[in-house]
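Here are the chains, one letter per residue:
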Amino acid sequence: MNHTEVHQRVAGVFPAPGRHPRRPRTTRVAVEHELLTADALTGRSVPLDRVRAATARAPYAPYLAFEPGGQVELSLPTAACPVDIERRLRADVSALRHDCAAAGIRLVARPVDRRSEEAVPLRLCSPRYVAMQRHFDSIGPAGRTMMRRTASTQVCLDWWSGRAGAEQWRVLQLTAPFLAAAFARSDGATSRLATWLAVDPTRTAFDDRLLHGDDPIAAYADFAWRAVVFTDPGDVDQHLTTLFPPVRPRGCYLEVRYPDVQDEDGAGRLVATLATLAYDDDLRREVLRRFEPGRAHLGRHWEEAAHGTGDVAAIGRDLVVSTLALTGGPAGSLAAAGGAGILDGAA
């Protein structure tokens with residue numbers, strides 16, 4: 001694996017530069033929603049086969065996947081607008097909870113699992129995940145926590161080519177710590193975001209490194225090149241999947257990865273906020289003008305967002321309110337809200 005090869009592969013996950021500028025710009029949205037699992041009696045995480053058996057015949061089953069600690073991930077197909085994806089998410093999560101409850105399984109929308117590491121073993125033991133855990137163990141305990149005991153609501157947005165696409169990339173990066181703080185459901189040293197910051201800075205980029213220079217492909221290739229390779233050294237594509245930036249480039253769409261898992265109300269507001277920022281030309285450029293001067297301080301803003309300090313949350317809430325005002329939808333409550341019950345007291 002050499003730098004030229006990495007650059008070529010990275011170019012493949014950025015928009016194709018030759019796309020015709022008059023082609024309609026799609027504005028779809030998709031959601032990847034993660035939930036912790038717990039046995040209703042013991043409180044321990046649940047084996048994957050048990051969840052699969054409980055949901056095998058459900059209409060949402062084709063969209064069900066798992067994270068390394070057994071977290072359930074509902075990856076919904078794209079929808080035309082935030083309202084449609086929110087409606088689909090509500091219906092499918094409700095059905096998923098019902099089916100799992102009938103099998104003695106609880107699902108909890110909590111960003112950080114309070115159970116011990118022993119109660120949440122590695123459930124996906126593929127060579128990739130075993131190697132990942134081994135690498136993170138060489139740095140500290142945060143990697144195991146991230147892999148096995150955190151949950152997120154991730155949002156996928158269409159990524160355009162040309163100037164507008166470059167603006168989308170920048171605005172989602174620049175506003176990320178502020179929106180992370182606005183939608184946070186955990187903060188402090190044990191928060192989900194603080195855990196991510198401690199995992200491996202060479203492959204998470206919670207700073208401004210992805211915005212250096214005028215060429216985002218070159219900046220991302222440099223980021224990928226500097227990250228430790230713990231998979232097959234000859235497989236660049238697999239190496240790229242082990243990078244966990246706040247916003248991940250996926251060729252024709254952007255994957256916003258940083259938010260804590262939301263309840264269904266919060267998920268709707270989150271999707272609407274991000275979609276409006278990405279797709280409204282006037283708003284996107286106005287926000288860029290406002291946030292661009294603070295680019296060099298992104299690292300500090302991420303630390304403040306993780307630990308609940310500074311004014312990043314207040315700035316983020318203001319941004320959410322002003323953005324949602326354009327959609328005609330309510331901003332709703334952005335106060336932190338945690339789940340309660342068996343996970344609180346589980347060993």
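Residues numbered from 1 in each chain as written. Predicted model: local features only at pLDDT ≥ 70, side-chain atom pairs only at ≥ 80, totals over all residues. Heavy atoms only, no water.

Draft legend 1. Broad picture of the confidence of the model for the chain. Residues of the chain with pLDDT of at least 70 account for 93%, and the chain-wide mean is 93. This stretch, residues 333–347, has a pLDDT under 50; its non-local contacts, to residues over four places away or in other chains, come to 38 contacts. (pLDDT = per-residue confidence, 0-100. Contact = heavy atoms within 4.5 Å.)

Draft legend 2. Quick look at the pattern of salt bridges. What the rule picks out here adds up to 27 salt bridges. Of the charged contacts in the structure, one is a salt bridge between Glu292 and Arg170, with a shortest N-O distance of 2.6 Å. Of this pair, Glu292 sits in the loop between α13 (281–291) and α14 (298–307) while Arg170 sits in helix α6 (residues 162–174); the two residues are 122 residues apart in sequence, bridging distant segments of the chain. Linking Asp260 and Arg192 is a salt bridge whose minimum nitrogen-to-oxygen distance equals 3.7 Å. Remark: Arg192 occurs in helix α8 (residues 192–199) and Asp260 occurs in the loop between β7 (253–256) and α12 (264–279); sequence separation between them is 68 residues. (Salt bridge = Lys/Arg side-chain N within 4 Å of Asp/Glu carboxyl O. Helix = DSSP H or I, 4+ residues; strand = E, 2+ residues; numbered from the N terminus.)

Draft legend 3. Focus on the nonpolar core. If you look at the biggest cluster of nonpolar residues, it comprises 99 residues, and the most contacted ones within it are Val10, Leu157, Trp169, Tyr258 and Leu274. Take this core: its biggest share by element is 9 residues, from α12. Apart from the residues within four sequence positions on either side, Leu274 is in contact with Val155, Leu157, Leu172, Leu179, Val256 and Tyr258. (Core = buried A, V, L, I, M, F, W, Y, C linked by side-chain atoms within 4.5 Å. Buried < 20%, exposed > 50% of the residue type's maximum accessible area, 1.4 Å probe, protein only.)

Draft legend 4. Molecular detail of helix α4 (residues 127–137). Those residues of α4 that fall on the buried side of the exposure criterion are Arg128, Tyr129, Ala131, Met132, Gln133, His135 and Phe136. Looking at the buried residues of α4, the elements they touch are α5 (142–149), α8, α9 (201–204) and α11 (236–240).

Draft legend 5. Region of the structure containing unusual backbone geometry. Despite not being glycine, Ala205 has its phi angle at roughly 60°, a positive value. The buried category is assigned to Ala205, whose relative accessible area is 1%.

Draft legend 6. The arrangement of the packing of aromatic side chains in detail. What the rule picks out here adds up to 12 aromatic pairs. Geometrically, the ring pair formed by Trp159 and Trp169 is stacked, given 5.6 Å between the ring centres and 20° between the ring planes. Within this pair, whereas Trp159 is found in the loop between β5 (153–158) and α6, its partner Trp169 is found in helix α6, the two being separated by 10 residues in sequence. Of the two residues, Trp159 and Trp169, neither departs from the other in class, the shared state being buried. Both rings, one in Trp196 and one in Phe244, keep their centres 5.7 Å apart while their planes meet at 75°; by these two values the pair is edge-to-face. (Phe/Tyr/Trp six-rings, centres within 6.5 Å; stacked < 30°, edge-to-face > 60°.)

Draft legend 7. View of the pairing of strand β1 (residues 29–39). With respect to burial, β1 is a largely interior element, 11 of its 11 residues being buried. In β1, alternate side chains face the same way, and those of Val29, Val31, His33, Leu35, Thr37 and Asp39 on one face and Ala30, Glu32, Glu34, Leu36 and Ala38 on the other are all buried. When β1 meets β5, the two strands line up antiparallel, connected through 5 bridges. If you follow Glu32 over to β5, its bridge partner there is Gln154. Bridge count between β1 and strand β3 (residues 72–75): 4 bridges; the pairing is antiparallel. Its bridge partner lying in β3, His33 is registered against Leu74. (Pairing = 2+ DSSP bridges.)

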